[in-house]
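Listed below, chain by chain, are the residues.
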Amino acid sequence: MHVPQVVYLVASQVATKAVTFGSNQVLLRRISPEIFGIAAYLEFLVNSVLFFSREAVRIANQRAKSENAVVKFAFLPIFLCGPITIVLLFLQTYSDLYKHTVAHLPFLGATMSLIIALIVLELLAEPMFAVNQYKMNFKLRSKVESLAVFVKCLTVFAAVTIWQNRDRNNDAKTALFDGHAVLSFACGQFMYSAVIFLGYWRGTSKLPMSNSQTTHSLDSGLYSIWKSLFLQMVFKHFLTEGDTMLVSYLFTVTEQGVYSVIANYGSMVARLLFQPIEELLRVSFTRDLAAKKPDYKRLNRVMNQLMSFYFNLSLLIVVGGYANGSFLLRMVLGRSEKWAQSSVFDDFPFYVLYIPFMAFNGILEAFFSSASSQAQIGNFSIFMSFLSVMVFLLMFILIGKLDMGIRGLIVANMANMLSRIVYCLKFYVEFFKNHVRVSFRAVLRKSVVPLACATAALIAQNILFKNGKSATLTEFLQSLGICFFCLCAMVVNGRDQILAAASLFRHSSKGKPE
């Protein structure tokens, strides 16, 4: 793995999340959970169009043999976004959220126009993104995305503040400000897409172009892989974002705002650290496995070290996050009555338990996408289609019948991730056992100490704190001390792996990033 490139991606994630965190602190005190719910709903629509248009193309491009093939294939999302946008927007007209809330917002026409424009603008940057991704130029990506997030947050904050001051003396200020607030989020997202396009346009040298960019002139191998992947991406998005879709149909706007806040803050660690590692793993493993003589022993060792790291970090997240999540979130949201009356503080610790499932699913699916054949991709698509039906049925039972609300949604998502983890772990074992000796004995032996420490820490916190959750600064500091003890035990237990990872980092740092 190209370790220095991980640093760029992680640094970018830290910078963007810091800016987003600061912006959210101010916005949460100015707008209601209902507005956050509507903004999350519109963001889901944008992300869905972008995901269906480009995700399968991006993964297929990782197996491209030349820059020309990469760039040519990266134009495909531009042509796909039109019909995908029309279909998704048409389907939304049947949702209760759209009919009863979104359709009655002031300035809806301007908001939807901005959404369509920003989708097109961001996809126009896709060929430039693709060629930089092919060159593994993550430094440019980190700069562009960090700047884009900063401009987005600044735009939303400035627009909300201006409209709040202007609408204060208006008789219909509530409805008018709601429309302006949603429009502000759309303006911020548009500015994000504009910076993405301009940043890649200025930072990318002349693209290798051919005379034709139609699907008929695309690389036949990539096109075949894309067709296999597209259906898989559809089911993957339904499984990954199925909670958002179900929320828009079964939950009130307030509950959607609550879940949006829980998901944004709860998955912060996953986006800060896990996502950059997964992206680099997917790119680097694809190239390493495409070599004439792949070093399977080294690749297996890297995967073992990463999974061990994920296991230890996940335990720390569960120990510290479950006990202190509500306390920290209260500090973040302040004493706003709007949020105090919601279930956000009760449901947030439960979401923390979902983070390890996201982590392991991400790294194992990244490996699967790098090492799988076209036939295996097709089999995975069939599995995902079956899983989609089962997970949506489970969601319906937990939420619609058992009235578990947001917690039912989280439990269903855990079942979804666990099923995908088992499938990809089975693939991982079968893949490497043909090349190297695969044994989990050493991994399990190294897991005993961290697991014992985490169990003891949870028991201690349950004895010290009411319901096992800190409620005061003193209790928070006590929990912090317990977590530090667990960290020290994990470091001592995994010192050999830490030294090996440090050696790998030094070795990678001496080379030039590709």
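This structure is a prediction, so every number in the text was calculated from the model and none was measured.

A. Expanded view of the overall build of the chain. The helix and strand inventory of the chain stands at 21 helices and zero strands. Looking at the chain as a whole, 53% of its 514 residues are labelled buried. For the chain, restricting intrachain contacts to residue pairs at least 6 apart in sequence, the fraction spanning at least 24 positions comes to 86%. Carbon and sulfur atoms form 64% of the exposed surface of the chain, whose accessible area is close to 23,900 Å².

B. A look at the environment of valine 319. Take valine 319: it is sitting in helix 13 (residues 296–333). Sequence separation of valine 319 and cysteine 453 is 134 residues, and the distance between their C-alpha atoms is 9.6 Å. Ignoring sequence-local partners within four residues, the contact set of valine 319 consists of Ala454, Ala457, Leu458, Gln461 and Cys483.

C. Expanded view of the confidence of the model for the chain. Counting all residues, the mean pLDDT for the chain is 82, and 82% of those residues have values of 70 or more. Here residues 507–514 scores under 50 on pLDDT; set against residues more than four positions off or in separate chains, the count is 11 contacts.

D. Region of interest: unusual backbone geometry. Non-glycine residue phenylalanine 107 carries a positive phi angle of around 65°. With respect to the helices and strands, phenylalanine 107 occurs in the loop between helix 5 (96–100) and helix 6 (108–124). Taking relative accessible area as the criterion, phenylalanine 107 reaches 36% and is therefore assigned partly exposed.

E. Region of the structure containing the pattern of salt bridges. The final tally for this structure, using the stated rule, is eight salt bridges. Residues glutamate 126 and arginine 54 are paired through a salt bridge, measuring 3.9 Å at the closest nitrogen-oxygen approach. Placement of the pair is glutamate 126 in helix 7 (residues 126–134) and arginine 54 in helix 2 (residues 33–61), with a sequence separation of 72 residues. Judged by its relative accessible area of 13%, arginine 54 falls in the buried class. Two residues, arginine 407 and aspartate 347, come together in a salt bridge whose shortest N-O distance is 3.3 Å. Here the residue arginine 407 occupies a position in helix 18 (residues 405–433), and aspartate 347 occupies one in helix 15 (residues 344–352), the gap between them amounting to 60 residues. With relative accessibility at 8%, the residue aspartate 347 sits in the buried group. What you see here is one network of salt bridges that share partners, running through Arg54, Arg58, Glu122 and Glu126.

F. Representation of the nonpolar core in the model. Core analysis: the largest hydrophobic core is formed by 115 residues, its most contacted members being Ile119, Met303 and Phe367. The leading source of residues in this core is helix 2, at 17 residues. Those residues in contact with phenylalanine 367 that lie beyond four places of it in its chain are Leu281, Phe285, Met303, Phe427, Tyr428, Phe431 and Phe432. Core analysis: the second largest hydrophobic core is formed by 17 residues, Val131, Ala148, Val195 and Leu207 among them.

G. Looking closely at helix 6. With 17 residues, helix 6 should cover 24 Å at 1.5 Å per step; its first-to-last C-alpha distance of 25 Å lies within 8% of that length. If you check which residues of helix 6 are buried, you get Leu108, Thr111, Met112, Leu114, Ile115, Leu118, Ile119, Leu121, Glu122 and Leu123.

H. Representation of a nonpolar patch on the surface. A surface patch of nonpolar side chains, about 760 Å² in accessible area, is lined by Phe386, Val389, Met390, Leu393, Phe396, Ile397, Leu402 and Met404. By secondary structure assignment, the location of phenylalanine 396 is in helix 17 (residues 374–401).

I. Fine view of the side chain of arginine 141. Locating arginine 141 in the fold gives a position in helix 8 (residues 138–167). Of note is the side chain of arginine 141, whose polar atom sits 3.5 Å from the side chain of glutamine 133.

J. Broad picture of the packing of aromatic side chains. Inspection of the entire model under this criterion finds 25 aromatic pairs. Measuring from ring centre to ring centre gives 4.7 Å for phenylalanine 368 and phenylalanine 380, while their planes differ by 50°; the resulting arrangement is tilted. Residue phenylalanine 368 is located in helix 16 (residues 355–371), and its partner phenylalanine 380 is located in helix 17; the two are separated by 12 residues in the primary sequence. With centroids separated by 5.1 Å and ring planes inclined at 70°, the aromatic side chains of tyrosine 428 and phenylalanine 432 adopt a geometry described as edge-to-face.

K. Local environment of the side chain of asparagine 61. Along the chain, asparagine 61 falls in helix 2. Under the relative-accessibility criterion, asparagine 61 is labelled buried at 8%. Those residues in contact with asparagine 61, other than ones at most four positions away along the chain, are Ala69, Val70, Phe73, Ala74, Ala130 and Leu222.

L. Spotlight on the packing of helix 2 against helix 4 (residues 76–92). Following both chains from N to C, one finds helix 2 and helix 4 inclined at 145°, their axes separated by 9 Å at the closest point. The interaxial crossing formed by helix 2 with helix 4 has right-handed handedness. Touching Tyr41, Leu45, Ser48, Val49, Phe52, Ser53, Arg54 and Val57 of helix 2 are Leu76, Pro77, Leu80, Cys81, Ile84, Thr85, Leu88, Leu89 and Gln92, all from helix 4. Looking at the contact of helix 2 with helix 4 residue by residue, the class counts come to 12 nonpolar, four polar and one charged.

M. A look at helix 16. Taking 1.5 Å of rise per residue, 17 residues should cover 24 Å, and helix 16 covers 25 Å from first to last C-alpha, within 8% of that figure. For helix 16, the buried fraction is high: 16 of the 17 residues fall into the buried class.

N. Region of interest: the packing of helix 17 against helix 18. The contact between helix 17 and helix 18 brings their axes to 9 Å, and the two run at 160°. Judged on the interaxial angle alone, helix 18 and helix 17 are roughly antiparallel. The chirality of how helix 17 crosses helix 18 is right-handed. Within the contact of helix 17 with helix 18, the residues separate by chemical class into 16 nonpolar, seven polar and one charged.

About the cut-offs
Residues numbered from 1 in each chain as written. Predicted model: local features only at pLDDT ≥ 70, side-chain atom pairs only at ≥ 80, totals over all residues. Heavy atoms only, no water. Helix = DSSP H or I, 4+ residues; strand = E, 2+ residues; numbered from the N terminus. Buried < 20%, exposed > 50% of the residue type's maximum accessible area, 1.4 Å probe, protein only. Contact = heavy atoms within 4.5 Å. Areas by Shrake-Rupley, 256 points an atom, 1.4 Å probe, with all protein chains shown as cover. pLDDT = per-residue confidence, 0-100. Salt bridge = Lys/Arg side-chain N within 4 Å of Asp/Glu carboxyl O. Core = buried A, V, L, I, M, F, W, Y, C linked by side-chain atoms within 4.5 Å. Expected span 1.5 Å × (residues − 1). Patch = residues over 30% accessible without salt bridge, like charges linked within 9 Å, V, L, I, M, F, W, Y side chains within 5 Å. Polar contact = N/O pair within 3.5 Å; in protein donor to acceptor, adjacent residues only side chain to side chain. Phe/Tyr/Trp six-rings, centres within 6.5 Å; stacked < 30°, edge-to-face > 60°. Axes fitted to C-alpha atoms, helices over the stretch in contact; angles between N-to-C directions. Left-handed = near helix turned anticlockwise from the far one by under 90°. Nonpolar A, V, L, I, M, F, W, Y, C, P; charged D, E, K, R; others polar. Parallel < 35°, antiparallel > 145°, perpendicular 65-115°, else oblique.

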